[in-house]
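# Structural characterization, general
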Amino acid sequence: MGRDGYLWLATFDGLVRFDGHNFTVFGQDHGLPGHRLMLLAEDVEGGLWLLSEQNVLARLRHGQFRSFGVADGLPDARVHTIGLDDGGRLWAGTLAGLAQWRDGTFVRGDGGQVLERVNAAVFDAATGRRTIATSHAVLQFQDERLLRHLAVGEQLPAGVINAVTWQGDTLWMAMNEGMVAVTGDAIETVVPEESFLRVVAAGGRLGMVGPRSSRWIDAQGREEVQAHTLHPSNGRETLLRREPDGALWENHLDRLERDGHVVLRTRCAIKDFDFDATGAVWVATACDGLWRLRPRRVRAITQLDGVPLGSVYGLAQTPAGELWIATLDHGMAVLQRDGAMRWLGEA
């Protein structure tokens, strides 16, 4: 859901905008660099960033599309991934380094290091810590200062690094040859000989997803392993999101859970999900289209001013929206539109 109140969807047929009633499709005729879109992000300025299948980065701002390249400050025109830091600023991982969108241009954010393909980056605006994962190394920065460099085949086991995340003081790395945890100077392959494409952490939960299976570990160390038979992962799925009221949502590819309770099952992979201003949850699937889950809340009113309502025998709503409630033992009560209640008197 964008800051403009629209729901925006990145699809293989262009950018789609939903205004609550109608869907509008934007394609190459409108200035998009390609109609097959892989990633979508909105920055703190309200700009909508899009990454095409051809690795071209574009931005929608004030109704106009613009594509970006080396002349705009990118280390390489081929962008592999995009993301936002805690301050809502966009970062772009290219085949030659990392850059941040700042004051109308891209600024190198890799400390001047010569990097290969950037697969992932994790930011902490509060501490200034920045972790960059290339295919064969992880670099940790404090602002612009390089703190640590961990290389595959040297400090790290052999393989390709696909994603990273922090959980407390532990850095987790999803690699082609296993899941690796780095805590201080200790480096451990937690799940060996298994390929992982994505790892995320939130609310004490750790989610790991590979092409054929996923693993979930809770705060107590309990693990759940799920095989993907009909739901292969490409590593770009949204796995965890926290609802505005604090509830934790988990994407298990074939089902969506809220605080451990299943709210939706699908016959193909769930790719993404997000919340709109009304509290509805929008779910994007690989073959079943777009789902909207509307909130259903039940409020039980059993007493007023400490007096039990008891038996309720009649209801009537006024044109002003007040609900009049007839009780057997205590007369009439009124529920106002703002949720306040009052007794009118005893029978």
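Shown above is the structure to which this text applies.
None of the values given here were measured: they were computed from a predicted structure. (Residues numbered from 1 in each chain as written. Predicted model: local features only at pLDDT ≥ 70, side-chain atom pairs only at ≥ 80, totals over all residues. Heavy atoms only, no water.)

## Overview of the sheet that holds strand β24 (residues 240–242)
As a reminder of what qualifies: Pairing between two strands is assigned when DSSP locates at least 2 bridges connecting them. In this description a helix means any DSSP run of H or I spanning at least four residues, a strand means any run of E spanning at least two, and both kinds are numbered starting from the N terminus. Only the contacting stretch of a helix is used when fitting its axis, a line to C-alpha atoms as for every element, and angles between N-to-C directions run 0 to 180 degrees.
The antiparallel open sheet is built from four strands, whose spatial order is β24-β25-β26-β27. Two strands close off the open sheet at either side, each with one partner strand: β24 and β27 (261–265). Ignoring which end each strand starts from, the neighbouring axes of this sheet average 20° apart. Both strand β25 (residues 248–251) and strand β26 (residues 255–258) contribute to a ladder of three bridges, which runs antiparallel. If you follow N251 over to β26, its bridge partner there is L256.

## What to know about the state of the cysteines
Quick reminder of the rule: We call a pair of cysteine sulfur atoms a disulfide when they lie within 2.5 Å.
This structure, assessed with the given rule, holds one disulfide. One disulfide bridge connects C268 with C287, the sulfur atoms lying 2.3 Å from each other. Sign of the S-S torsion, about -115° for the bond between C268 and C287, identifies this disulfide as left-handed. In this pair, C268 sits in the loop between β27 and β28 (270–275) while C287 sits in the loop between β29 (281–285) and β30 (290–293), placing the two residues 19 residues apart along the sequence.

## Quick word on the nonpolar core
The condition is simple: The term nonpolar core refers to a set of buried residues drawn from Ala, Val, Leu, Ile, Met, Phe, Trp, Tyr and Cys, joined through side-chain atoms within 4.5 Å. Buried means the residue's accessible area, taken with a 1.4 Å probe over protein chains only, is under 20% of the maximum for its type, while exposed means over 50%, and partly exposed covers the values in between. Note on definitions: a residue-residue contact is assigned when non-hydrogen atoms from the two residues lie within 4.5 Å.
Counting 15 residues, the largest nonpolar core has V138, L156, I161, V164, L171, M173 and V182 as the members making the most contacts within it. For this core, the elements supplying multiple residues, two or more each, are β12 (118–124), β16 (161–167), β17 (170–175) and β18 (178–183). For I161, the residues in contact, after removing those within four places along its chain, are N119, A133, T134, S135, H136, A137, V138, V152, L156, A174 and M175. Ranked by size, the runner-up nonpolar core spans 14 residues in total, among them A41, L51, A92 and A99.

## Considerations on the environment of H21
By the element assignment, H21 lies in the loop between β2 (14–18) and β3 (23–26). Among the residues examined, H21 registers a relative accessible area of 69% and is labelled exposed. Spatially, the C-alpha atom of H21 lies 37 Å from that of G210, the residues being 189 residues apart in sequence.

## Digging into the pairing of β2
Burial analysis of β2 places four of its five residues in the buried class, the great majority of the element. Where strand β1 (residues 7–11) lies against β2, five bridges are found, and the strand directions are antiparallel. Along β2, the bridge assignment pairs L7 with F18. Alignment of β2 against β3, held across four bridges, turns out to be antiparallel. Note on β3: the bridge partner recorded for V16 is V25. Connecting β2 to the antiparallel partner β3 that follows it, the hairpin turn spans four residues, and G20 within it adopts a positive phi of roughly 100°.

Keep in mind these numbers describe shape, not what the thing actually does.
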